[in-house]
Amino acid sequence: MTQGRLFSCLSAVLLGLSLVLTGCGFRGERIGLDSLTLDVAERANDDTPIAVDFVVVFDSDLLKLLSEIPSKQWFAERDQYHRDYRQLFSVWSLELVPGQFRDVRDFPFAGDKAAGLLVFAGYNTPGAHRLRLSESGRVWLRFDSREMRLLTDRDR
(Lines give C-alpha, C1' and ligand atoms only; values in the text may rest on other atoms or scores of the structure.)
Protein backbone atom coordinates (compact mmCIF):
# COMPACT_ATOMS: atom_id res chain seq x y z
CA MET A 1 0.00 0.00 0.00
CA THR A 2 1.40 3.40 -0.96
CA GLN A 3 1.77 6.16 1.55
CA GLY A 4 -1.01 8.21 -0.16
CA ARG A 5 -3.50 5.32 -0.01
CA LEU A 6 -2.60 4.63 3.62
CA PHE A 7 -3.23 8.27 4.48
CA SER A 8 -6.62 8.18 2.67
CA CYS A 9 -7.66 5.00 4.51
CA LEU A 10 -6.65 6.42 7.89
CA SER A 11 -8.52 9.66 7.15
CA ALA A 12 -11.67 7.72 6.30
CA VAL A 13 -11.41 5.66 9.49
CA LEU A 14 -10.88 8.78 11.63
CA LEU A 15 -13.85 10.53 9.97
CA GLY A 16 -16.06 7.50 10.63
CA LEU A 17 -14.97 7.34 14.26
CA SER A 18 -15.63 11.03 14.79
CA LEU A 19 -19.17 10.67 13.37
CA VAL A 20 -19.88 7.73 15.67
CA LEU A 21 -18.47 9.45 18.73
CA THR A 22 -20.43 12.68 18.09
CA GLY A 23 -23.79 10.99 17.66
CA CYS A 24 -23.76 10.47 13.89
CA GLY A 25 -22.94 14.06 13.18
CA PHE A 26 -26.26 15.68 14.14
CA ARG A 27 -25.86 18.18 16.93
CA GLY A 28 -29.11 20.15 16.65
CA GLU A 29 -29.81 23.66 17.75
CA ARG A 30 -31.01 24.96 21.07
CA ILE A 31 -34.68 25.67 21.69
CA GLY A 32 -34.80 29.47 21.75
CA LEU A 33 -38.33 29.79 23.06
CA ASP A 34 -38.21 30.68 26.75
CA SER A 35 -41.76 31.78 27.57
CA LEU A 36 -45.16 31.71 25.96
CA THR A 37 -48.70 32.92 26.17
CA LEU A 38 -51.54 30.48 25.60
CA ASP A 39 -54.70 32.35 24.65
CA VAL A 40 -57.87 30.25 24.15
CA ALA A 41 -60.98 31.76 22.54
CA GLU A 42 -64.35 31.56 24.26
CA ARG A 43 -66.22 28.48 23.01
CA ALA A 44 -63.10 27.17 21.24
CA ASN A 45 -63.24 23.56 20.03
CA ASP A 46 -67.05 23.43 20.36
CA ASP A 47 -66.70 24.64 23.97
CA THR A 48 -64.64 21.60 25.02
CA PRO A 49 -61.06 21.30 26.38
CA ILE A 50 -58.15 21.14 23.94
CA ALA A 51 -55.32 18.67 24.54
CA VAL A 52 -52.02 20.34 23.63
CA ASP A 53 -48.65 18.60 23.34
CA PHE A 54 -45.36 20.44 22.96
CA VAL A 55 -42.95 17.88 21.47
CA VAL A 56 -39.22 18.51 21.46
CA VAL A 57 -37.58 16.15 18.95
CA PHE A 58 -33.90 15.24 19.17
CA ASP A 59 -33.61 13.35 15.85
CA SER A 60 -33.97 15.01 12.44
CA ASP A 61 -35.50 11.93 10.78
CA LEU A 62 -38.16 11.65 13.49
CA LEU A 63 -38.82 15.38 13.23
CA LYS A 64 -39.49 14.96 9.53
CA LEU A 65 -41.88 12.07 10.22
CA LEU A 66 -43.80 13.89 12.96
CA SER A 67 -43.94 17.10 10.90
CA GLU A 68 -46.08 15.29 8.34
CA ILE A 69 -48.78 13.84 10.60
CA PRO A 70 -51.96 15.62 11.75
CA SER A 71 -52.67 16.09 15.43
CA LYS A 72 -55.43 13.48 15.39
CA GLN A 73 -52.86 10.84 14.37
CA TRP A 74 -50.35 12.13 16.93
CA PHE A 75 -52.80 11.79 19.82
CA ALA A 76 -54.05 8.38 18.61
CA GLU A 77 -50.52 6.96 18.20
CA ARG A 78 -48.55 8.97 20.78
CA ASP A 79 -48.06 6.00 23.11
CA GLN A 80 -46.71 3.85 20.28
CA TYR A 81 -44.33 6.63 19.19
CA HIS A 82 -43.12 6.74 22.79
CA ARG A 83 -42.51 2.98 22.81
CA ASP A 84 -40.67 3.11 19.48
CA TYR A 85 -38.69 6.35 19.92
CA ARG A 86 -38.64 7.05 23.69
CA GLN A 87 -35.07 8.40 23.64
CA LEU A 88 -35.66 10.66 20.64
CA PHE A 89 -38.32 13.07 21.92
CA SER A 90 -39.91 14.55 25.03
CA VAL A 91 -43.45 15.82 25.54
CA TRP A 92 -45.01 18.51 27.69
CA SER A 93 -48.78 17.94 27.76
CA LEU A 94 -51.47 20.43 28.72
CA GLU A 95 -55.22 20.64 28.62
CA LEU A 96 -56.60 24.08 27.84
CA VAL A 97 -60.20 25.12 28.34
CA PRO A 98 -62.18 27.68 26.32
CA GLY A 99 -61.61 31.21 27.59
CA GLN A 100 -58.34 30.32 29.34
CA PHE A 101 -55.40 32.70 29.26
CA ARG A 102 -52.11 31.38 30.57
CA ASP A 103 -48.63 32.88 30.71
CA VAL A 104 -45.83 30.32 30.92
CA ARG A 105 -42.73 32.13 32.11
CA ASP A 106 -40.34 29.16 32.16
CA PHE A 107 -40.84 26.97 29.10
CA PRO A 108 -39.78 23.42 30.10
CA PHE A 109 -37.60 22.85 27.02
CA ALA A 110 -35.91 26.27 26.90
CA GLY A 111 -32.26 25.88 25.93
CA ASP A 112 -32.51 22.15 25.17
CA LYS A 113 -30.51 20.90 22.20
CA ALA A 114 -32.97 19.52 19.64
CA ALA A 115 -33.75 19.02 15.97
CA GLY A 116 -37.01 20.94 16.42
CA LEU A 117 -40.12 21.74 18.41
CA LEU A 118 -43.68 20.85 17.39
CA VAL A 119 -47.05 21.71 18.91
CA PHE A 120 -50.08 19.47 18.41
CA ALA A 121 -53.58 20.66 19.38
CA GLY A 122 -56.38 18.13 19.76
CA TYR A 123 -59.26 19.92 18.05
CA ASN A 124 -62.53 18.11 17.27
CA THR A 125 -62.42 19.37 13.67
CA PRO A 126 -60.46 18.01 10.69
CA GLY A 127 -57.10 19.62 9.96
CA ALA A 128 -53.40 19.33 10.73
CA HIS A 129 -53.61 21.36 13.98
CA ARG A 130 -49.83 21.23 14.16
CA LEU A 131 -47.22 23.98 14.29
CA ARG A 132 -43.45 23.90 14.12
CA LEU A 133 -41.97 26.52 16.40
CA SER A 134 -38.53 27.89 15.64
CA GLU A 135 -39.02 31.30 17.24
CA SER A 136 -36.85 32.62 20.03
CA GLY A 137 -37.86 34.48 23.15
CA ARG A 138 -41.57 34.87 23.82
CA VAL A 139 -44.27 33.17 21.73
CA TRP A 140 -48.03 33.83 21.73
CA LEU A 141 -50.28 30.95 20.63
CA ARG A 142 -53.93 31.70 19.96
CA PHE A 143 -56.36 28.78 20.05
CA ASP A 144 -59.34 29.94 18.00
CA SER A 145 -62.62 28.11 17.58
CA ARG A 146 -61.31 25.71 14.90
CA GLU A 147 -57.52 26.18 14.69
CA MET A 148 -54.42 27.34 16.53
CA ARG A 149 -52.11 30.00 15.21
CA LEU A 150 -48.92 31.76 16.12
CA LEU A 151 -49.51 35.46 16.70
CA THR A 152 -46.90 38.00 15.70
CA ASP A 153 -46.46 41.36 17.39
CA ARG A 154 -48.79 42.87 14.76
CA ASP A 155 -51.57 40.33 15.49
CA ARG A 156 -51.71 40.89 19.25
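Each remark here, short or long, concerns the structure printed above.
Let me sum up the structure you'll find in this document. All figures in this text were calculated on a predicted structure; none of them were measured in a lab. (Residues numbered from 1 in each chain as written. Predicted model: local features only at pLDDT ≥ 70, side-chain atom pairs only at ≥ 80, totals over all residues. Heavy atoms only, no water.)

Across its full length, the protein carries four helices and 10 strands. Element order for the protein, N to C, with α for helix and β for strand: α-β-β-α-β-α-α-β-β-β-β-β-β-β. Relative to its 156 residues, the protein shows a buried fraction of 34%. Long-range contacts, defined here as pairs at least 24 residues apart, represent 72% of the contacts in the protein between residues at least 6 apart. If you sum the accessible surface of the protein, you get close to 9,500 Å²; carbon and sulfur atoms cover 50% of it. (Helix = DSSP H or I, 4+ residues; strand = E, 2+ residues; numbered from the N terminus. Buried < 20%, exposed > 50% of the residue type's maximum accessible area, 1.4 Å probe, protein only. Contact = heavy atoms within 4.5 Å. Areas by Shrake-Rupley, 256 points an atom, 1.4 Å probe, with all protein chains shown as cover.)

For the structure shown, the criterion picks out nine aromatic pairs. With 5.0 Å between their ring centres and 10° between their planes, Trp74 and Phe120 make a pair best called stacked. Of this pair, Trp74 sits in helix α4 (residues 71-85) while Phe120 sits in strand β7 (residues 116-122); the two residues are 46 residues apart in sequence, bridging distant segments of the chain. Summarising the burial analysis for this pair, Trp74 and Phe120 share the class buried. Ring centres 5.7 Å apart and planes at 80° place the aromatic pair Phe107 and Phe109 in the edge-to-face group. Judged by relative accessible area, Phe107 falls into the buried class, the value being 4%. (Phe/Tyr/Trp six-rings, centres within 6.5 Å; stacked < 30°, edge-to-face > 60°.)

A word on the pairing of β7. Look at any regular strand and the pattern is simple: side chains alternate between the two faces of the sheet. Where burial is concerned, most of β7 is hidden: six out of the seven residues are buried. The sheet contact formed by strand β3 (residues 50-57) and β7 spans seven bridges and is antiparallel. Residue pairing in the sheet places Ala51 in a bridge with Gly122 of β7. As defined by bridge partners, β7 adjoins strand β8 (residues 130-133) across four bridges and the pair is classed as antiparallel. Opposite Val119, over in β8, you have Leu131 as the bridge partner. (Pairing = 2+ DSSP bridges.)

Next up on the list: α4. For α4, which comprises 15 residues, the first-to-last C-alpha distance of 18 Å sits more than 12% below the rise-based estimate of 21 Å (1.5 Å per residue). Glu77 marks the point of greatest bend in α4, at about 65°. Where α4 is concerned, the buried positions are Ser71, Trp74, Phe75 and Tyr81. Those residues of α4 that are buried are in contact with β3, α3 (60-66), β4 (89-96) and β7. (Expected span 1.5 Å × (residues − 1). Bend = angle between axes of the 7 residues up to and from the residue.)

Proteins that are soluble and globular tend to have nonpolar side chains buried together. Counting residues in each nonpolar core, the largest one holds 28 residues, and the members touching the most others are Leu36, Leu38, Phe54, Phe107, Leu141 and Phe143. Those elements that place two or more of their residues in this core are β2 (33-40), β3, β4, β7, β8 and β9 (137-143). Setting aside residues up to four positions removed in sequence, Phe143 forms contacts with Leu38, Asp39, Val40, Ala41, Ala44, Ile50, Val52, Leu96, Ala121, Tyr123 and Met148. Listed in part, the 13 residues of the second largest apolar core include Leu66, Tyr81, Ala115 and Phe120. (Core = buried A, V, L, I, M, F, W, Y, C linked by side-chain atoms within 4.5 Å.)

Functional significance is not addressed by these values, which are geometric in nature.
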